Amino acid sequence: MNLKEIEIDPSWKTVLNEEFKTAYFSKIKTKLTDSKNQGLTVYPPSQLIFNAFNSTPFQQVKVVILGQDPYHGPGEAMGLCFSVPRGVRIPPSLRNVFKEIHQDLDLPIPVHGDLTSWAKQGVLLLNTILTVEHKQAGSHKNIGWSEFTDTVIRTISDQLEGIVFLLWGNYAKSKILLIDEKKHFVLSSAHPSPLAGNRFFGHHHFSGTNKILKKQGKEPIDWTIR
């Protein structure tokens, strides 16, 4: 895996420029190169590692949804948290997200799990760990990605205004320390995983997000997956 092949949207390159020069980012590049040289399979494909950033330029961010690390099965990870390509089975957590949207906004349950349409509207679908080895959940959690995405969250908090952060589960909630709640809006709940029982449901985060956006004069998100 060669990070030289990867392009990141110029708006993000500008605000994150110093991060690409750090020792921790060199560690990330070394780890990904070593994994490739060892014949290990890493997800998502190199051209999709920065998909969230390329799909949602910095100044267009209105909402941030935080995930943890990518799906670790073949063909699942696409660089957008919770999202899977069309034709791939919808994972249980995303299925619960769709159920909540149906209950909240009375939208139809989607037949695929590609969330690109959200990203194009300003929803940054950010995994805090951007790569993972095949069938090894959490395998890249200590290679430096956390430092990078913490800086991303902090930069959004510092340089933008009125962003809605959706923090689902304890891991995502731990990132609240990086967010200035005087400038931004935080909606939190249990994780949508079936392991959390039914505690994800009933929080109305999707209609709530749109109310916040409208109050600021911003275009609401069309949460429909077509």
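Residues numbered from 1 in each chain as written. Predicted model: local features only at pLDDT ≥ 70, side-chain atom pairs only at ≥ 80, totals over all residues. Heavy atoms only, no water.

Right, let's get into the sheet that holds strand β3 (residues 123–127). Strand order in the open sheet formed by four strands is β3-β2-β5-β6, and the pairing between neighbours is parallel. Edge positions in the open sheet fall to β3 and β6 (185–189), since each of these has one partner strand only. Across the sheet, the mean angle separating the axes of adjacent strands is 20° when strand polarity is ignored. As paired strands, strand β5 (residues 164–168) and β6 are joined by five bridges and run parallel to one another. What sits directly across from V164, in β6, is F185. This element, helix α6 (residues 145–159), spans β2 (63–67), β3 and β5 of the sheet and lies at about 155° to β3. (Pairing = 2+ DSSP bridges. Helix = DSSP H or I, 4+ residues; strand = E, 2+ residues; numbered from the N terminus. Axes fitted to C-alpha atoms, helices over the stretch in contact; angles between N-to-C directions. Contact = heavy atoms within 4.5 Å.)

Glancing now at the nonpolar core. Grouped together as the largest cluster of nonpolar side chains are 61 residues, with contacts concentrated most on W12, F53, I65, W118, W145, F148 and I156. The contact partners of F53, leaving out residues within four places of it in the chain, are I8, D9, W12, L16, L124, L126, L130, F148 and V152. (Core = buried A, V, L, I, M, F, W, Y, C linked by side-chain atoms within 4.5 Å. Buried < 20%, exposed > 50% of the residue type's maximum accessible area, 1.4 Å probe, protein only.)

This next bit is on the pattern of salt bridges. In total, this model carries four salt bridges according to the counting rule given. A salt bridge links E18 to K21; the shortest N-O distance between them is 3.3 Å. Taken individually, E18 and K21 each receive the classification exposed, so the pair is uniform in this respect. A salt bridge links R226 to D222; the shortest N-O distance between them is 3.0 Å. Here R226 falls in the exposed class, since its relative accessible area comes to 66%. (Salt bridge = Lys/Arg side-chain N within 4 Å of Asp/Glu carboxyl O.)

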